[in-house]
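# Fold and geometry: a report
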Protein chains: 2
Amino acid sequence: MTESPARPTKAGGTKERILDTTAELFRRYGYTGTGLKQVVADANAPFGSLYHHFPGGKQQLGGEVIRRAGAMYYELVAGVIDAAPDIVAGIRDTFGGAAEVLRATDYVDACPIETVALEVASSNEPLRQATAEVFEQWITGAAARFEAAGIDAPAARELAVAIITLLEGAFVLARASRTTEALDAAGAVAIAAVETALRA
Amino acid sequence: MTESPARPTKAGGTKERILDTTAELFRRYGYTGTGLKQVVADANAPFGSLYHHFPGGKQQLGGEVIRRAGAMYYELVAGVIDAAPDIVAGIRDTFGGAAEVLRATDYVDACPIETVALEVASSNEPLRQATAEVFEQWITGAAARFEAAGIDAPAARELAVAIITLLEGAFVLARASRTTEALDAAGAVAIAAVETALRA
DNA sequence: GTCTATACTTTGATAGAC
DNA sequence: GTCTATCAAAGTATAGAC
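Residues numbered from 1 in each chain as written. Chains lettered and ligands numbered in written order. Predicted model: local features only at pLDDT ≥ 70, side-chain atom pairs only at ≥ 80, totals over all residues. Heavy atoms only, no water.

### Observations regarding the layout of surface pockets
Put simply, the largest pocket is a space of about 710 Å³. As for the largest pocket, its lining consists of 32 residues, and the residues nearest its centre are Ala-192, Ala-193 and Thr-196 of chain A together with Ala-192 and Ala-193 of chain B. The greatest single-element share of the lining of the largest pocket, amounting to 9 residues, is contributed by helix α9 (residues 181–199) of chain A. Looking at the lining of the largest pocket, its residues break down into 22 nonpolar, 4 polar and 6 charged. One number sums up the size of the second largest pocket: a volume of about 420 Å³. Sorting elements by how many residues they give to the lining of the second largest pocket places helix α4 (residues 57–83) of chain B first, with 7 residues. A per-class count over the lining of the second largest pocket returns 11 nonpolar, 2 polar and 6 charged. (1 Å grid on protein atoms, 1.4 Å probe; cavity = no way out; pocket = protein on both sides within 12 Å on 5 of 7 lines; lining within 4 Å. Points joined across faces, edges and corners; volume = space filled by probe spheres on them. Helix = DSSP H or I, 4+ residues; strand = E, 2+ residues; numbered from the N terminus. Nonpolar A, V, L, I, M, F, W, Y, C, P; charged D, E, K, R; others polar.)

Below, the structure is given as structure tokens:
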């Protein structure tokens, strides 16, 4: 009973709480749209704590959030794919599950780093690199699964890039239109591309 | 010679100059990342002019820029497609041309409304609707061309959604990685999807 | 390590002279 | 319709007590 329920809102230490809160705000409002005052308010943390844990300020916090959220989203999707009986079903479940989550969260919970990636692409080189590394990690992970399904390495990588491209593009149209039409269309094309590669 | 070279930087009236400048800034830095002071500075316009032409402030300016830039980009891509001998070549030219432009502009000139669309999707309902209308216009225009190529209406629309999804998604990965790999992979999948639909 | 108070800058927006 | 001056609020960041 030495543990005290200091922070009612979320579990974990102050640093983790700041990271999780920032990730949530980034997904909704993007990098420039998220203020540090809002971060500490939502994380129930004192302002000074932020600069204690992230002496590099908003940029350091942003970098850690991008890598952390990127890795977590990778694990999430990889789990869905690996739970399916085969790779085609895994891709189908990925797009179908993404559509479900979007509907259930009022079209908020899409890719956690996409908005930030576009915002920083031409304005913040360190953060741009962070997003590039996350996407590269996803591509490598997806390509490995396609290779395991019998597709040769170059085709597996190209297919991985195309699938992730379809998912990211569908998130843009889905969030703008508040429909899952793009995820359905993208999922169909994705499955067709995988089946074609498997036959080759 | 009654015309005086009042503004050295760009052609057109003050309002048009503000619209063009804002569109350029939105593409690079997004909506929240673009300040109105930077807009008037780059447009070589006095600050008061902005609120004279856009009494609704940043939101009204944003809405007009989204619709204007969206329509211009539509005309640009439609021109590329219609200049090609057939629809497959048109799609190939679209993805190839987009890759060329990205390389030539240091990965800045991608979709003019994509960053803004993600930023406002869950934070600014009027602007979210503006982006949704632009995407819908693109989908309708692309679907009409697929129908003209002999694809039935439902399939043409689904194909249009998928192609635009591929383009938007490729822009995200391309700008983040500063490579055109995603545009190449997306273009290949896009062409395959069109060819499949044409055979059906 | 926690927390408060504050410094400094930039933001969107307005008023009013011309 | 142009332009300057200015406002209140929010932005990031820092200092220093505890």
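After presenting the structure, the write-up continues.
### Examining the interface of chain A and chain B
Put simply, an interface is often sized by how much accessible area is lost when its parts join up. On the chain B side, the residues contacting the 40 residues of chain A number 40 residues. Taking both partners together, chain A and chain B bury about 3,500 Å²; carbon and sulfur atoms supply 68% of that area. If you look at where chain A meets chain B, you find 2 salt bridges. We note a salt bridge from Glu-181 of chain A to Arg-157 of chain B, for which the minimum N-O separation is 2.6 Å. Counting every contact that joins chain A to chain B gives 7 residue pairs in polar contact (both at pLDDT 80 or more). At the level of elements, α1 (14–29), α6 (114–120), α7 (125–148), α8 (153–177) and α9 of chain A are the ones that each hand at least two residues to the side of chain A that touches chain B. Counted by class, the side of chain A that touches chain B contains 21 nonpolar, 9 polar and 10 charged residues. (Contact = heavy atoms within 4.5 Å. Buried area = accessible area lost by both parts, 1.4 Å probe. Salt bridge = Lys/Arg side-chain N within 4 Å of Asp/Glu carboxyl O. Polar contact = N/O pair within 3.5 Å; in protein donor to acceptor, adjacent residues only side chain to side chain.)

### Structural notes on the relation of the copies chain A and chain B
Once chain A is rotated about the relating axis by 180° and shifted along it by 0.0 Å, it coincides with chain B to within an RMSD of 0.0 Å. The superposition operator between the copies reduces to a two-fold rotation axis. Measuring from the rotation axis to each C-alpha of chain A, the shortest distance belongs to Gly-169 of chain A, at 1.8 Å. Comparing contact sets, 100% of the residues at the interface of chain A also lie at the interface in chain B, consistent with an isologous, same-surface contact. (Least-squares fit on C-alpha atoms with pLDDT ≥ 70 in both.)

### A closer look at α7 of chain A
Counted at 1.5 Å a residue, the expected span for α7 of chain A with its 24 residues is 34 Å, and the 35 Å between its end C-alpha atoms agrees. Positive phi appears at Gly-150 of chain A, one or two residues downstream of α7 of chain A, with a value of about 105°. (Expected span 1.5 Å × (residues − 1).)

### Some words on the packing of helix α1 (residues 14–29) of chain B against α4 of chain B
Residue and element names in this part refer to chain B. With their axes 9 Å apart at the nearest point, α1 and α4 run at an angle of 80° to one another. Compared by their axis directions, α1 and α4 come out roughly perpendicular. Residues Lys-15, Glu-16, Ile-18, Leu-19, Asp-20, Thr-22, Ala-23 and Phe-26 of α1 lie in contact with α4, whose contacting residues are Leu-61, Gly-62, Glu-64, Val-65, Arg-68 and Ala-69. When its residues are assigned to classes, the contact of α1 with α4 shows 7 nonpolar, 2 polar and 5 charged. (Axes fitted to C-alpha atoms, helices over the stretch in contact; angles between N-to-C directions. Parallel < 35°, antiparallel > 145°, perpendicular 65-115°, else oblique.)

### Considering the packing of aromatic side chains
Applying the stated criterion to the full structure yields 8 aromatic pairs over all chains. Residues Phe-47 of chain A and Tyr-51 of chain A carry aromatic rings whose centres are separated by 6.1 Å and whose planes lie at 35° to one another, so their mutual orientation is tilted. On the criterion of helical spacing, the pair formed by Phe-47 of chain A and Tyr-51 of chain A is a turn pair, its members being 4 residues apart in helix α3 (residues 47–53). Ring centres of Phe-135 of chain B and Trp-138 of chain B lie 5.4 Å apart, and the angle between their planes is 85°; this geometry places the pair in the edge-to-face category. Of the two residues, Phe-135 of chain B and Trp-138 of chain B both sit in helix α7 (residues 125–148), 3 residues apart, roughly one turn of that helix. (Phe/Tyr/Trp six-rings, centres within 6.5 Å; stacked < 30°, edge-to-face > 60°.)

### Observations concerning the state of the cysteines
Tallied over the entire structure, the rule returns 0 disulfides over all chains. Considering cysteine sulfurs only, Cys-111 of chain B is the nearest to Cys-111 of chain A, which forms no disulfide, with 17 Å between them. According to the relative accessible area criterion, Cys-111 of chain A is buried, its value standing at 3%. (Disulfide = S-S within 2.5 Å. Buried < 20%, exposed > 50% of the residue type's maximum accessible area, 1.4 Å probe, protein only.)

### So, the pattern of salt bridges
Using the criterion set out here, one finds 17 salt bridges over all chains in the structure. Two residues, Lys-15 of chain A and Glu-64 of chain A, come together in a salt bridge whose shortest N-O distance is 4.0 Å. Highlighted residues: Lys-15 of chain A in helix α1 and Glu-64 of chain A in helix α4 (residues 57–83), separated in sequence by 49 residues. The partly exposed category is assigned to Glu-64 of chain A, whose relative accessible area is 27%. Taking the shortest distance from any N to any O, the salt bridge between Arg-157 of chain B and Glu-136 of chain B comes out at 2.9 Å. Remark: Glu-136 of chain B occurs in helix α7 and Arg-157 of chain B occurs in helix α8 (residues 153–177); sequence separation between them is 21 residues. Residue Arg-157 of chain B is classed as partly exposed on the basis of its relative accessible area of 26%. One salt-bridge network, in which partners are shared between bridges, spans Glu-136 and Arg-157 of chain A together with Glu-181 of chain B.

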